[in-house]
Amino acid sequence: MIHESFDRENDETGGWGGSIHGDISNPFGGGGGLLSPLPKVDEDKSWENTKADCVKQKLEAGGANSILNNLLAGFKLNSSVIDVKFYVSNIDYRGKKVKNGMCVYNQTTKKVYIYLSENRLNKSSLEVARTILHESFHAYLYGKIHDGAIHNGLAPDPDFVTDFNNYAKVYGKGSSNSAQHNYMATMYIRYMKEGLKEFFNSDPHYMEYASNNSSDDRWNLDSMFEGLAWGGLRGTDSWKDFKLNNPAKVNDFNLQLSYFVNSYGFPKDCD
Ligand SMILES: [Zn+2]
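Residues numbered from 1 in each chain as written. Predicted model: local features only at pLDDT ≥ 70, side-chain atom pairs only at ≥ 80, totals over all residues.

Enquirer: Go over the environment of alanine 52, please, and point to the residues and values.
Expert: Take alanine 52: it is sitting in helix α1 (residues 51–59). Along the backbone, alanine 52 and serine 117 are 65 residues apart, and their C-alpha atoms lie at a distance of 9.9 Å. Each residue touching alanine 52, except ones within four places of it in the same chain, is listed here: Trp47, Val88, Leu116, Leu121, Val128 and Ile132. (Helix = DSSP H or I, 4+ residues; strand = E, 2+ residues; numbered from the N terminus. Contact = placed C-beta atoms within 7 Å.)

Enquirer: Can you break down the environment of asparagine 251 residue by residue, with the values?
Expert: In this structure, asparagine 251 sits in helix α10 (residues 247–261). Among the residues examined, asparagine 251 registers 10 C-beta atoms within 10 Å and is labelled exposed. Sequence-wise, asparagine 251 and glycine 227 are 24 residues apart; in three dimensions their C-alpha atoms are separated by 9.7 Å. (Buried ≥ 20, exposed ≤ 12 C-beta atoms within 10 Å, placed from the backbone.)

Enquirer: Would you mind going over the packing of α1 against helix α6 (residues 189–202) in detail, with residue names and values included?
Expert: Close contact between α1 and α6 brings their axes to 8 Å; oriented N to C, the two are set at 105 degrees. Judged by the inter-axis angle, α1 sits roughly perpendicular to α6. Contact residues: Val55, Lys58 and Leu59 in α1; Gly195, Glu198, Phe199 and Ser202 in α6. Each residue belonging to the contact of α1 with α6 can be placed in one class, and the counts come to three nonpolar, two polar and two charged. (Axes fitted to C-alpha atoms, helices over the stretch in contact; angles between N-to-C directions. Parallel < 35°, antiparallel > 145°, perpendicular 65-115°, else oblique. Nonpolar A, V, L, I, M, F, W, Y, C, P; charged D, E, K, R; others polar.)

Enquirer: Explain the pairing of strand β8 (residues 111–117) to me, and be specific about the residues and the numbers.
Expert: Across the seven residues of β8, seven count as buried, placing the element largely inside the fold. With burial as the criterion, each face of β8 is covered, one bearing Lys111, Tyr113, Tyr115 and Ser117 and the other bearing Val112, Ile114 and Leu116. The sheet contact formed by strand β4 (residues 83–89) and β8 spans seven bridges and is parallel. Its bridge partner lying in β8, valine 88 is registered against leucine 116. Where strand β7 (residues 101–106) and β8 come together, six bridges link them in antiparallel fashion. Residue pairing in the sheet places glycine 101 in a bridge with leucine 116 of β8. (Pairing = 2+ DSSP bridges.)

Here it is in structure tokens:
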């Protein structure tokens, strides 16, 4: 039996999804399973030379210390039994289109599949960076859950198993997406923010944009990174609490996301 857990990030207001038990094969047919001599972190042909590829390289530009590298570092170890592969695709999973991205872990093949939807590439490259990071946080969690202690890139987390099981109790084992989103929102939001900041600072288009708009009061980079980091996590209890306690911040986030990131022509290019 194939056992897959998956997350698909369908929209800004957050997730749904769960764990599937059944005969669901990898939509890309892979099939090689454990016999394939794949590198531990790999990119499909569909990924190569796309904007997603370019954005991922910028996310990794900080080398070993970058957030993305820390998320993926465990998978690159020889002792890792799980591989990760990145794809760009029009994802249609179980009859529903995925808007932004999806992360699937297949327990039989021991592979994590990260999909970025083709439509996502039409957005600003900062939004592409956000989705790559979001799905990579899922990959990191799958690594921690299924291959334990080698996934410590962000911080040592000796109580992870107990901690995460508590989340699973509250948010449902059958809905790993909800447990993972709540865990991310509580434990990792500052790392998400940091990862976005790294992307921004490594992209000359964004640096130029920032310097041209720095006189605008509404332009607050720190707040914008934080607002973006919550994307895909707005279905969580942490977000509900945050919203209740920080209404002014949430207004800022919404303005920055709609005004700067999504309508005012944030740079789409990555080169
Ligand atoms: Zn997600």
